[in-house]
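# Coordinates in review
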Amino acid sequence: MSQAKETNIFNQQVLIAIEALSAEKKISSERVFNAIEEAISAVVTKRLPEGTEIQTTINKEDGSYEIHQILEVTDQLPDDPIDVHKYIHIDDAQTLSKNHTTGDSIKKSIESEALTRIGAHQAKQLLNRIFRQIEREKNLDKLSHNLNQIVNAEVIRASRKEILVEINDTEKGIIKEKDIIPNEIIRPGERIRAYLYKIDPDTKGPACYLSRSCNEFLVELFKMEVPEMTDGIITIKSAAREPGVRAKIAVNSVDKRVDAIGATIGMRGARVQEVSKELNGERIDIINWSDRPEEMVEAAMSPATISSIEIDTYHQSMQLAVKEENLAQAIGRNGQNIRLASQLTGWNLNIMTEEEALENNKKIDAVALEEFMEKMDIDQQIANILIREKIHSIEMIANSAVHTLTAIPEFSDDIAEEIINRAQLSLISDTISENQELEEMSKTVEKDFLTLPGMTPQIAKKLIDTGVKTKDDLAELSTEEITNITNLSDDAGGQLIMAARAHWFQDDQNEELS
């Protein structure tokens, strides 16, 4: 049999194989053709000098194929031994066609062996890899419809660090350590549910990222258990969790006839118990959502009873007072109750006994009174009125609108404008004074000391007065020492010390590298 006839028969077999493969894999024949072209190009490229760019084209009518080298026309070939294979000199190009000019991209035909003889084994391996990638893309495309939803998965491998799962028997997924419910026992072969929050098709490993510890998993579980949520009658407005231990959710009903808490709990607690069971016994508190922050916070602190609330809208914080015998309950084990309440409401919450709150309020009022009278030059009567209205800082006044202060019975428009103007002038004066202080202090302290993260002129002055003038001086302080000097909290003081020590670690790394 002649070579031409043999090749033609083989080409026809290729077309039949492509159609069969397309039907089997449920992939368009166009994608299959592209995959085969890519495989042939890759195999041929390996047989040619590095840097050669190859393009294969299969005739979809008769199965024949052509292989071309892609070249750019230039009047000066590069010296680089790899780049040189990407170009063709203008003189050589014009032997192919007089119309070629510098900058043209041309296809130069390459003599090809029959497809059966071109690294068949390598081409097959590459094809398989390409088809696996195509199938993966299809599977991930299907799974993208489940993004930000709960999916079912089978556990393949489980450890404390991560859990590897298979979703819908097609695609691998991973639950990282931060997404695992602490102390939950999960074994290979188990069927579990998890929240699919990310799909990354470019990663080499599992492309699906799932979580059982995120707030969204809790919310979606309730949607599955509570029909009123599916219907849009009840919504979960906010949620906070300490996975596997305790959670709080705030619910709201658009239909006043439907009890949001009762419907979420279910008959004899059936609905909330199902969710809790899925979350490894996580205890769930359910409260009514409110657009009044103080009501929301009071409900979020349940089961503790709050005696009084002081609101600081400027700093988005609240001071809560409770009876001394209720303090431990309000705080919760390891601060759990108040921490979850703060996350649920979005407010910074500070809790203390009624006696401590009374004493603290007196101190805050005294500081504000002195600050208003001294820095804004207003009389005691006006200062007391501002304090009575829970205004305790010059910043709050400077950022207030006139109508906010005129809502106070004693203040007219003129008085309100004057108070705001004085507050703004006071802040400008303080800024100028701080800059001058910084300039003076910079002459006596180490360079970069004043620009450490968390450093302020007030803190710097207190440190300098005690002889702390360098980063090393500050780095050698203990947390207790810095809090005694500056009145910073333990956390803020510790962060400032670590900022001062940062150059120590950098120096160590440089020594290791050298």
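Use the structure listed above.
In short, a report on the structure. The shown structure was predicted, so the numbers you read here are calculated from the model rather than taken from an experiment.

This brings us to the overall build of the chain. A count of helical and extended segments in the chain gives 20 helices and 15 strands. Considered along the principal axes of its C-alpha atoms, the chain spans approximately 110 × 70 × 50 Å. Out of the 514 residues in the chain, the part that is buried amounts to 38%. Sequence separation of at least 24 residues holds for 54% of the intrachain contacts in the chain that already meet a minimum separation of 6. Summed over its atoms, the accessible surface of the chain is roughly 30,100 Å², and 47% of this surface lies on carbon and sulfur atoms. When the 58 positive and 91 negative side-chain charges of the chain are each reduced to one mean point, those points stand 9 Å apart.

Taken together, Glu324, Glu325, Glu355 and Glu356 make up a surface patch of like negative charges. Examined against the element boundaries, Glu324 turns out to sit in the loop between strand S14 (317-322) and helix H10 (327-331). Residue classification places Glu324 among the exposed residues on the basis of a relative accessible area of 57%.

So, about the nonpolar core. Residues Leu218, Phe222, Ile249, Val251, Leu279 and Ile284 are the most contacted members of the largest nonpolar core, which totals 24 residues. Looking at this core, the elements with two or more residues in it are helix H5 (215-225), strand S10 (234-242), strand S11 (246-253), helix H7 (260-265), helix H8 (270-278) and strand S12 (283-288). For this core, the element with the most residues is H5, which contributes five residues. Among all residues touching Val251, those that are not within four sequence positions of it are Met229, Ile234, Thr235, Ile236, Ala260, Ile261, Thr264, Ile286, Ile287, Asn288 and Trp289.

Mapping Leu450 onto the fold places it in the loop between helix H16 (413-441) and helix H17 (457-465). Its relative accessible area of 17% is what places Leu450 among the buried residues. Taking the C-alpha atoms as reference, Leu450 lies 43 Å from Val245; in sequence the two are 205 residues apart.

Here the focus is the packing of aromatic side chains. Counted by the stated rule, this structure contains zero aromatic pairs. Over the ring of Tyr209 we find Lys198, and its NZ or CZ is 4.9 Å from the ring centre. Seen from the ring of Trp289, Lys237 lies directly overhead, with NZ or CZ sitting 4.6 Å from the centre.

A few words now on the sheet that holds strand S7 (residues 171-176). Pairing is mixed in the closed barrel, where five strands are placed in the order S5-S6-S7-S9-S8. Strand-to-strand, the axes of this sheet are offset by a mean angle of 50°, without reference to chain direction. Sheet analysis places S7 next to strand S9 (residues 208-211), joined by two bridges and oriented parallel. Bridge assignment links Gly173 to a residue of S9, and that residue is Cys208. Running at roughly 125° to strand S8 (residues 191-199), H5 makes contact with strand S5 (149-158), S8 and S9 of the sheet.

Another aspect to go through is the pattern of salt bridges. Tallied over the entire structure, the rule returns 25 salt bridges. Note that Asp465 and Lys461 form a salt bridge whose closest N and O atoms lie 3.5 Å from each other. One end of the pair is Asp465 and the other is Lys461, both in helix H17 and four residues apart, which spans about a single turn. One network of salt bridges, with partners in common, ties together Glu184, Arg193, Arg212 and Glu278.

Attention shifts here to the pairing of S14. Counted residue by residue, S14 has six buried out of six residues, so it is predominantly covered. Alternating residues of S14 divide into Ser317, Gln319 and Ala321 and Met318, Leu320 and Val322, and every residue in both groups is buried. Pairing between strand S13 (residues 308-312) and S14: five bridges, direction antiparallel. Bridge pairing links Glu310 to Gln319 in S14. Counting the residues in the hairpin turn of S13 and S14 gives four residues, including Gln316, whose phi is positive at 50°.

Before going further, it helps to examine the sheet that holds S13. Read across the open sheet, the three strands follow the order S13-S14-S15; overall the sheet is mixed. Looking at strand neighbours, the two that pair on one side only are S13 and strand S15 (348-353), the edges of this open sheet. Sheet twist, expressed as the mean angle between neighbouring strand axes with direction ignored, is 20°. Docked against the sheet, helix H12 (residues 354-375) engages S13, S14 and S15, running at close to 115° with respect to S15.

The subject of this paragraph is the side chain of Glu184. As for its placement among the helices and strands, Glu184 is situated in the loop between S7 and S8. In this view, Glu184 contacts Arg212, Glu278 and Asn280; residues no more than four positions away in its chain are not counted.

Turning our eyes to something else, we now look at helix H2 (residues 29-46). Helical geometry: 3.6 residues make up each α-helical turn, so side chains three or four residues apart lie on a common side. Across its 18 residues, H2 extends 26 Å between first and last C-alpha, which sits within 8% of the 26 Å expected from 1.5 Å per residue. Taken together, the buried positions of H2 are occupied by Val32, Phe33, Ala35, Ile36, Glu37, Ala39, Ile40, Ser41, Val43 and Val44.

Rules used in this analysis
- Residues numbered from 1 in each chain as written.
- Predicted model: local features only at pLDDT ≥ 70, side-chain atom pairs only at ≥ 80, totals over all residues.
- Heavy atoms only, no water.
- Helix = DSSP H or I, 4+ residues; strand = E, 2+ residues; numbered from the N terminus.
- Buried < 20%, exposed > 50% of the residue type's maximum accessible area, 1.4 Å probe, protein only.
- Contact = heavy atoms within 4.5 Å.
- Areas by Shrake-Rupley, 256 points an atom, 1.4 Å probe, with all protein chains shown as cover.
- Lys, Arg positive; Asp, Glu negative; His and termini not counted.
- Charge placed at Lys NZ, Arg CZ, Asp CG, Glu CD.
- Patch = residues over 30% accessible without salt bridge, like charges linked within 9 Å, V, L, I, M, F, W, Y side chains within 5 Å.
- Salt bridge = Lys/Arg side-chain N within 4 Å of Asp/Glu carboxyl O.
- Core = buried A, V, L, I, M, F, W, Y, C linked by side-chain atoms within 4.5 Å.
- Phe/Tyr/Trp six-rings, centres within 6.5 Å; stacked < 30°, edge-to-face > 60°.
- Lys NZ or Arg CZ within 6 Å of the ring centre and 35° of its normal.
- Pairing = 2+ DSSP bridges.
- Axes fitted to C-alpha atoms, helices over the stretch in contact; angles between N-to-C directions.
- Expected span 1.5 Å × (residues − 1).

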